[in-house]
Amino acid sequence: YTTLFRSNGGEVDPADLSGLAELTASLLTKGTKTRTAPEIAQQIEALGGTIESGAGWDASRVFVNVMSGKIDSAMGILADVVRNPVFQEEEIERLRQQYLDNLSVTFGQPGSLANFVAARIVFGDAAYGHPLAGTPESLARIKQADIAGLHAKYYRPDNAVLVIGGSIKAADAFKIAERAFGDWAKPAAPIPARGQVGKMASPDDKQRVVVIDMPAAGQAAVVLARVGISRTDPD
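Because the structure is predicted, anything quoted here is derived from the model rather than measured.

How each quantity is defined
Residues numbered from 1 in each chain as written. Predicted model: local features only at pLDDT ≥ 70, side-chain atom pairs only at ≥ 80, totals over all residues. Heavy atoms only, no water. Pairing = 2+ DSSP bridges. Helix = DSSP H or I, 4+ residues; strand = E, 2+ residues; numbered from the N terminus. Axes fitted to C-alpha atoms, helices over the stretch in contact; angles between N-to-C directions. Contact = heavy atoms within 4.5 Å. Parallel < 35°, antiparallel > 145°, perpendicular 65-115°, else oblique. Left-handed = near helix turned anticlockwise from the far one by under 90°. Nonpolar A, V, L, I, M, F, W, Y, C, P; charged D, E, K, R; others polar. Patch = residues over 30% accessible without salt bridge, like charges linked within 9 Å, V, L, I, M, F, W, Y side chains within 5 Å. Areas by Shrake-Rupley, 256 points an atom, 1.4 Å probe, with all protein chains shown as cover. Salt bridge = Lys/Arg side-chain N within 4 Å of Asp/Glu carboxyl O. Buried < 20%, exposed > 50% of the residue type's maximum accessible area, 1.4 Å probe, protein only. Phe/Tyr/Trp six-rings, centres within 6.5 Å; stacked < 30°, edge-to-face > 60°.

1. Let's talk about the sheet that holds strand β2 (residues 50-55)
Taken in spatial order, the 4 strands line up as β2-β3-β1-β4 in an open sheet, and their pairing is antiparallel. Whereas interior strands pair on both sides, the edge strands pair on one side only; in this sheet they are β2 and β4 (161-165). Taken pair by pair, the neighbouring strands of this sheet meet at an average axis angle of 10 degrees, ignoring direction. When strand β1 (residues 2-7) meets β4, the two strands line up antiparallel, connected through 5 bridges. In the sheet register, Arg6 faces β4, and the bridge partner there is Val161. Those strands touched by helix α3 (residues 71-83) are β1, β2, β3 (60-65) and β4, and its axis lies near 160 degrees from that of β3.

So this is what it looks like as structure tokens:
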């Protein structure tokens, strides 16, 4: 049995706060108004299940996997982490340091660095031109208020999808979903616009060759990038 909740992803990161959506999604399971991070882990483990959260480019997701007989309890935990995260400073700093450590390794790898630069060249300062997990500079700027603000803007019932799969009848799944999410009120404010819009590369732009000098790398990485078809193209 699996449940999935999804909302917006890294495409809604503010221009100077890349990594915000990923950090927010990862922190969902790190404490709520009624459960600490260890309690969430212990309660899911007691159900024989797992819980994970994180962000992609176009969606932030929380997964819960349990045996079908444990669905009610698991759905309660899923609803809690989605609706009531507290984003404690201690958990933010712990996760921020993990991301910074990972980036220090990633930015030292020619292939990873080449991909980051290629994305920036193609997408510029539009929504997909930044690293999903942020940069050392952007991660240092992210504050608790930024995380709570993104959650308040995008984690809402009219911007969410709940997927349930496994050994369960549809009618029972609807009843369980209603118990967990039925009183989740839609905010009065409209859903914010989707991500920042900036200048992207154009098919008519002159070809460019960008060289990054990494003499100590021991190997080279070559990336060829070009503008692809638009999602709104009739084809």
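From this point, things continue past the structure.
2. Overview of the packing of helix α1 (residues 20-27) against helix α4 (residues 89-106)
Their axes nearest at 11 Å, the elements α1 and α4 cross at an angle of 125 degrees. The angle between α1 and α4 falls in the class oblique. Classified by chirality, the crossing of α4 by α1 is right-handed. Of α4, the residues touching α1 (which contributes Glu22, Leu23, Ser26 and Leu27) are Glu91, Ile92, Leu95, Arg96 and Tyr99. Residue composition of the contact of α1 with α4, grouped by class: 5 nonpolar, 1 polar and 3 charged.

3. Structural notes on a nonpolar patch on the surface
Residues Ile121, Val210 and Ile212 make up a contiguous nonpolar surface patch of about 210 Å² in total accessible area. Judged by its relative accessible area of 40%, Ile212 is partly exposed.

4. Some thoughts on the packing of aromatic side chains
Following the criterion strictly, the structure yields 7 aromatic pairs and no others. Between the aromatic rings of Phe5 and Phe181, the centroid separation amounts to 6.4 Å while the plane-to-plane angle is 10 degrees, which identifies the pairing as stacked. Linking Phe5 in strand β1 with Phe181 in helix α8 (residues 170-181), this pair joins segments that are 176 residues apart in sequence. Residue class for Phe5 comes out buried when judged on its relative accessible area of 2%. According to the relative accessible area criterion, Phe181 is buried, its value standing at 13%. Centroid distance Phe181 to Trp184: 5.8 Å. Interplanar angle 40 degrees. Geometry classified as tilted. There is no split in this pair, since Phe181 and Trp184 are both buried. Members of the aromatic cluster, connected to one another through ring pairs, are Phe5, Tyr155, Phe181 and Trp184.

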